[in-house]
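What follows is the residue order along each chain.
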Amino acid sequence: MQELAYFNGRFCDPAEATISINDRGFQYADSVYEVVVAFGAQPFCLAEHLARLQRSLELIDLDITPHNINFEAIVREGIERAGFDRTMIYIQVTRGVQPRAHVYADDLVPTVIATFRPKPVIDPAMRANGVSVVTVDDTRRAHCEAKATSLLPNILAIKKAKREGFHDAVFVSPSGQVREATSSNIFAVCGPALLTPARSSSILHGITRKYILQCAKRIEVPLDQSPLTVSKLESADEVFLSSSVLDILPVTRVNDKTIADGKPGPLTTRLHKCFLEGLPV
Ligand code: PLP
């Protein structure tokens, strides 16, 4: 009996199973998983777990059919090789290895791992006495102000945008307020004023965004603090994205609307000039 791993086609000691730093599961949480338990040689509800795994793969647009992965065979062989009375099987499929880029390639080879460990024993005292729980706000998928690596929604959004012929996607709240793009903040120019979504837990507090606001102050551009709605964005005189990599990137189309005359606007150009003047070289 020993803890066992499965890693891309072979069984091995878990210590030998190491993934690339370019694995998208590590870089972006671009992966899905399942946990199955087995009693003796019998995995419990395996068909249901594998159906849910398939559904999870579909939900993240990960088509593994070309790779002929037989999860049932992996699970059954692993249980037998590990030899525990009760086994906890962890399965994870990542989109594969690619130098870090939000937009994933279509021809990646998925990383498939599994581990086979003894099923944890639940303390009988806990079963006898019960346990306590505390209620908390459901902040799962919140805290966008944290530069967290769990970027699955972002990478799915930009991939969909690319497929539909756009450069990037912009997240909008359920009430129609514009938030930010998949890896940049967004600004609009409406009349004389500059608008950008206020700092909140729904956007990353971009360093570039802050710097641009300082540039705007320096060149005396008024700020409009009102919420940026989709219709305001579509009818803006100018729109641009900001990030450390992009600095300022003009946007000339939002959905099916061309922004002004379809060319980068004068305030965007002025702000970019101010931005570039402040660079160290
Ligand atoms: N918003 C998101 C979601 C980002 O990922 C990024 C940068 O990666 C930004 C905004 C811009 O941040 P910064 O200007 O600090 O690069």
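Please read these numbers as outputs of a predicted model, since none were measured by experiment.

*Asks:* Can you break down the environment of His272 residue by residue, with the values?
*Replies:* Structurally, His272 is set in helix 8 (residues 266–277). A relative accessible area of 23% places His272 in the partly exposed class. When the C-alpha positions of His272 and Glu164 are compared, they lie 28 Å apart, and in sequence the two are 108 residues distant. With residues up to four places along the chain from it excluded, the contact list for His272 reads Asp247 and Ile248. A distance of 2.5 Å separates a polar atom in the side chain of His272 from a polar atom in the side chain of Asp247.

*Asks:* Talk me through the pairing of strand 8 (residues 178–181); I want residue IDs and the actual numbers.
*Replies:* Looking at chain direction, strand 7 (residues 170–172) and strand 8 are connected through two bridges and run antiparallel. Paired with Val172 across the two strands is Val178, which belongs to strand 8. From the end of strand 7 to the start of strand 8, which pair antiparallel, there are five residues, and Gly176 there has a positive phi angle of about 90 degrees.

*Asks:* Account for the packing of aromatic side chains, naming residues and giving values.
*Replies:* Across all of its chains, the model carries six aromatic pairs by this definition. Ring geometry for Phe11 against Phe116: centres 6.1 Å apart, planes inclined by 50 degrees, an arrangement best described as tilted. With Phe11 in strand 2 (residues 10–12) and Phe116 in strand 6 (residues 111–118), this pair connects stretches of sequence that are 105 residues apart. Residue Phe11 is classed as buried on the basis of its relative accessible area, which comes to 15%.

*Asks:* Any details on the nonpolar core? Residues and values, ideally.
*Replies:* Residues Phe71, Ile89, Ile91, Val93 and Phe116 are the most contacted members of the largest nonpolar core, which totals 29 residues. Every element with two or more residues in this core is listed here: strand 1 (4–7), strand 3 (31–39), helix 2 (46–59), helix 3 (71–82), strand 5 (86–94), strand 6 and helix 5 (152–163). Residue contributions to this core peak at five residues, all from helix 3. Both domains that meet at this core, namely domain 1 (4–118) and domain 2 (124–277), each give it at least three residues. Ile89 has contacts with Glu34, Val35, Val36, Val37, Ala38, Val75, Ile79, Thr115 and Phe116, leaving out every residue within four places of it along the chain.

*Asks:* Describe the pairing of strand 9 (residues 185–190), listing the residues and the values that go with them.
*Replies:* For strand 9, a buried count of five out of six residues is recorded, marking the element as mostly surrounded by other parts of the structure. Pairing between strand 9 and strand 10 (residues 193–195): three bridges, direction antiparallel. Note on strand 10: the bridge partner recorded for Cys190 is Ala193. Between strand 9 and strand 10, which pair antiparallel one after the other, the connecting turn spans two residues, and Gly191 there sits at a positive phi close to 65 degrees.

*Asks:* Quick one: what's the story with a nonpolar patch on the surface, residue by residue and with numbers?
*Replies:* Together, Ile19, Ile21 and Phe26 give the surface a local cluster of nonpolar side chains, amounting to about 330 Å² of exposed area. Locating Ile21 in the fold gives a position in the loop between strand 2 and helix 1 (24–28). Overall, the relative accessible area of 60% leaves Ile21 in the exposed class.

Calculation notes
Residues numbered from 1 in each chain as written. Predicted model: local features only at pLDDT ≥ 70, side-chain atom pairs only at ≥ 80, totals over all residues. Heavy atoms only, no water. Helix = DSSP H or I, 4+ residues; strand = E, 2+ residues; numbered from the N terminus. Buried < 20%, exposed > 50% of the residue type's maximum accessible area, 1.4 Å probe, protein only. Contact = heavy atoms within 4.5 Å. Polar contact = N/O pair within 3.5 Å; in protein donor to acceptor, adjacent residues only side chain to side chain. Pairing = 2+ DSSP bridges. Phe/Tyr/Trp six-rings, centres within 6.5 Å; stacked < 30°, edge-to-face > 60°. Core = buried A, V, L, I, M, F, W, Y, C linked by side-chain atoms within 4.5 Å. Domains from an automatic or database assignment. Patch = residues over 30% accessible without salt bridge, like charges linked within 9 Å, V, L, I, M, F, W, Y side chains within 5 Å. Areas by Shrake-Rupley, 256 points an atom, 1.4 Å probe, with all protein chains shown as cover. Salt bridge = Lys/Arg side-chain N within 4 Å of Asp/Glu carboxyl O.

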